[in-house]
Each structure stands twice: as structure tokens, then as C-alpha cells.
Amino acid sequence: MHSEEIIIADRGPLIGLARIGLLELLPLLAKKVLVPRAVWMEVTHARSDAPGAKEVAVQAWMEVEDVGAGTVEPLLLFVGQGEAEAIAMAQVRPGAVLLLDDLRARKLAERLGLRRLGTVALLGLAKRRGLIAALKPALDALVGHGIYLRREWIDAALREAGE
């Protein structure tokens, strides 16, 4: 992934990165960070004290966009509103990278031929680019905040990072 690309972020990665204080990695890894309106609402308006709500709400570098209902509706058969909007947004932006962790959404994005990246892979990329010193503390922090990460993802990322 080159830094000139667009990242379209889903709720889970935004909350996870906010909870461990690494939300600022996103504008360092992409030229543009887009957030579908439904994702923005899920994160910032569900409860003002929800994890990540305050951190996400104040980021001027995030571009919140509306997505046409007609492109989202068919996707709602498979995933929730936020994931559906993120996937629909990626479908009209060739080269965009979807940042999502939800397994069903990842599988749907793969079937649609969309590029995708999870939080663990994003943190691995940040380590390779020298934006974080070590991967393990970030992954441990995510798990410590109750964010579920598949053990095989963690192990593979640590092996790849040489940790």
C-alpha cells in the first residue's frame, strides 16, 4: 500500500486504533481517509462515552461521506449498515483500501474483488514504515482493551515483523 492511496475505514479499526492511541497512523499511511456516514454515526453518536467516540469525532483529517442508498441496499443482505456503506464506497473508488476487521465483511469484500486490510495488517505496515517502533505492544494493547484478534493473525504479523 502506497501513501497516496485512499483508506476507507470501518468502525472496528477506528475504535481499536483510537483506544490504543494510534488513530493518527491513518493519515500517515494514506493520502485520504474516508469514513462512511453510517460508520461515523456508529462510532461518534451511539453513546458519547463509547470507546473511541471522542477521539474519532475530533479528527479533521477524516472525510465523512454519504453513500447512495441504492448501492448499499443489496449489501445489507450480508453485512451491517456501516460495513455495507464502506464496501459500496470502495466499489466506486478503484485502488481504495478497505480497513475492516469484520469477517463477513472481509469475505464479501474479497468476493467483490476489493482490496482490504485489517487492523493487525495496518499495524504491521506502520511498523515496516517505521511509524511505530514495535508491533507486539500495539497488538497487546488492542487485546488488553477487549478487542478480539484471531491468534493466527497476531502470530503471523509478529513473525512477519520479526518480533
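Throughout, a residue's number is its position along its own chain's written sequence, starting from 1. Whole-chain, interface and lining totals are the exception, using all residues; otherwise, since this is a predicted model, local features are given only for residues with pLDDT of at least 70 and side-chain atom pairs are given and counted only at 80 or more. In computing side-chain properties, one takes all heavy atoms of the structure into account and sets aside hydrogens as well as water.

## Re the pattern of salt bridges
What counts is decided by this rule: For this document, the term salt bridge refers to a Lys or Arg side-chain nitrogen within 4 Å of an Asp or Glu carboxyl oxygen. Helical segments are the DSSP runs of H or I of at least four residues, strand segments are the runs of E of at least two, and each set is numbered from the N terminus. Only protein chains enter the area calculation, which uses a 1.4 Å probe; residues under 20% of their type maximum are buried, those over 50% are exposed, and those in between are partly exposed.
Here the structure, examined in full by the defined rule, presents nine salt bridges. The shortest N-O distance in the salt bridge between Glu5 and Arg115 comes to 2.5 Å. Highlighted residues: Glu5 in the segment before strand S1 (6-9) and Arg115 in strand S5 (residues 115-117), separated in sequence by 110 residues. Since its relative accessible area comes to 37%, Arg115 is described here as partly exposed. Between Glu163 and Lys127 there is a salt bridge; the shortest N-O distance is 3.3 Å. In this pair, Glu163 sits in the segment after helix H10 (151-161) while Lys127 sits in helix H8 (residues 119-128), placing the two residues 36 residues apart along the sequence.

## Digging into helix H7 (residues 103-111)
As a reminder of what qualifies: Working note: the arc is built from the helix axis to C-beta atom directions. Here, residues are in contact when the closest pair of their heavy atoms is within 4.5 Å. Throughout this description, a polar contact denotes any pair of N or O atoms lying within 3.5 Å of each other; where both atoms belong to protein, one of them has to be capable of donating a hydrogen while the other can accept it, and for residues adjacent in sequence the pair is counted only when both atoms sit in side chains.
Of the residues making up H7, those classed as buried are Ala105, Arg106, Leu108 and Ala109. Burial along H7 is one-sided: seen end-on, the buried residues are contained in an arc of 165 degrees. Facing away from the buried side of H7 by over 90 degrees, the exposed positions are Arg104 and Arg111. Buried residues belonging to H7 abut helix H6 (81-91), strand S4 (97-99) and S5. For H7, the capping residue at the N-terminal end is Asp102, with a side-chain oxygen 3.3 Å from the backbone nitrogen of Arg104. Just downstream of H7 lies Gly113, where phi reads positive at about 75 degrees.

Remember, this is a structural readout, not a statement about activity or role.
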